[in-house]
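An overview of the molecular structure
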Amino acid sequence: MEKNDLIPNMNGFIHAFGLDIVQRIFLNCRLWQPEQVHDYIKKNRLYSKSARHDSCGTWLQKLERIEAIGCSSAYGVRRYEDMCDMGFQADVFENMRNLRLLDISGSFTYCIPTTLPNKLRWLGWYDFVSFYIYLVLPCLKFIDFRNSYYLKRLPDVSWAPNVERLILSECSNMEEVHESLGSLKRLVYIDMSGCKNRKRLPSKIEMPSLDKIMNRYLPSKNLNDL
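Since we're looking at a predicted model, the values are computed, not measured.

**Observations regarding the overall build of the chain**
The secondary structure content of the chain amounts to 4 helices and 11 strands. Residues counted as buried form 44% of the 226 residues belonging to the chain. As displayed, the chain offers around 12,600 Å² of accessible surface, 52% of which is attributable to carbon and sulfur atoms.

**Brief notes about the environment of leucine 181**
Counting through the fold element by element, leucine 181 comes out in the loop between β8 (176-177) and β9 (189-191). Separated by 21 residues in the primary sequence, leucine 181 and proline 202 have C-alpha atoms spaced 6.8 Å apart. Residue contacts for leucine 181: discarding those within four places in its chain leaves Leu154, Val157, Leu166, Leu187, Ile190, Pro202 and Met207.

**Section: the pattern of salt bridges**
Side chains that differ in charge, positive against negative, can pair when their charged atoms come close. Evaluated as defined, the whole model comprises 8 salt bridges. Between glutamate 64 and arginine 97 there is a salt bridge, with its nearest N and O atoms 3.4 Å apart. Separated by 33 residues along the polypeptide, glutamate 64 in helix α3 (residues 53-64) and arginine 97 in the loop between α4 (80-83) and β3 (101-105) bring together distant segments of the chain. Between aspartate 144 and arginine 146 there is a salt bridge, with its nearest N and O atoms 2.8 Å apart. Each member of the salt-bridge network shares a partner with another, and the members are Arg30, Glu67 and Arg100.

**Brief notes about the layout of surface pockets**
In this structure, the largest pocket occupies an estimated 210 Å³ of space. Looking at the lining of the largest pocket residue by residue, the class counts come to 10 nonpolar, 4 polar and 1 charged.

**Side note on the environment of aspartate 191**
Inspection of the secondary structure assignment puts aspartate 191 in strand β9. Linking aspartate 191 and leucine 166, residues 25 residues apart in sequence, is a C-alpha distance of 6.5 Å. Setting aside chain neighbours within four positions, we find aspartate 191 in contact with Leu166, Ile167, Leu168, Ser169 and Met214.

**Examining unusual backbone geometry**
Look at aspartate 127: it is not a glycine, yet its phi comes out positive at around 65 degrees. Along the chain, aspartate 127 falls in the loop between β4 (122-126) and β5 (142-144). Its identity is not glycine, yet glutamate 170 carries a phi of approximately 60 degrees, on the positive side. Mapped onto the elements of the fold, glutamate 170 is located in the loop between β7 (165-167) and β8.

Thresholds, definitions, all that
- Residues numbered from 1 in each chain as written.
- Predicted model: local features only at pLDDT ≥ 70, side-chain atom pairs only at ≥ 80, totals over all residues.
- Heavy atoms only, no water.
- Helix = DSSP H or I, 4+ residues; strand = E, 2+ residues; numbered from the N terminus.
- Buried < 20%, exposed > 50% of the residue type's maximum accessible area, 1.4 Å probe, protein only.
- Areas by Shrake-Rupley, 256 points an atom, 1.4 Å probe, with all protein chains shown as cover.
- Contact = heavy atoms within 4.5 Å.
- Salt bridge = Lys/Arg side-chain N within 4 Å of Asp/Glu carboxyl O.
- 1 Å grid on protein atoms, 1.4 Å probe; cavity = no way out; pocket = protein on both sides within 12 Å on 5 of 7 lines; lining within 4 Å.
- Points joined across faces, edges and corners; volume = space filled by probe spheres on them.
- Nonpolar A, V, L, I, M, F, W, Y, C, P; charged D, E, K, R; others polar.

The quantities given are spatial measurements derived from coordinates; they are silent on function.
In structure tokens form, the structure reads like this:
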């Protein structure tokens with residue numbers, strides 16, 4: 001076995017080792033495994049809704065303590081059935097006021113979520129379908145909806161006015177994007193490679209910060225070239 005053959009395995013080991021250290025230091029603040037995410041959130045949501053008033057605050061505080069949820073394939077999750085069908089309700093994020101990183105896959109909720117935490121900075125939702133957010137998320141800098149096969153139209157993104165990177169790669173059935181995409185003034189990078197059915201783009205483009213567009217795996221700086 002050559003030295004280069006060991007690099008992928010070593011990188012995977014270092015990644016897993018690092019996650020284990022973080023999990024030990026930030027116990028129940030940063031959730032990385034599907035079982036941990038499911039059990040911790042389910043239990044504390046159940047108690048917060050059913051417990052007596054004097055003890056309810058404790059369970060709510062445990063939900064508020066969560067800073068990161070990462071149970072997509074990027075965090076070592078291998079089985080697809082582990083990544084989807086968490087079975088949470090639409091208001092699952094309601095009490096997670098300190099959540100800053102959300103990186104999930106599949107049907108994390110049974111239906112479209114009604115809200116996202118105000119402090120959220122990173123949103124990755126692979127196999128994303130759609131949602132509409134009524135509150136502005138001023139801290140959100142990164143959105144990743146890659147590999148969302150069922151996404152046919154990118155919804156209104158005006159709720160993320162300060163987003164800097166938007167990943168829509170391999171959304172092969174996406175035909176159009178919302179007009180609000182053209183008004184993301186802080187957007188620096190957008191990846192639409194693999195969006196082979198794309199037919200409609202915003203008619204008005206006001207993105208002075210845009211530096212790079214990835215389309216069909218080739219770099220471009222002109223939205224009209226897409």
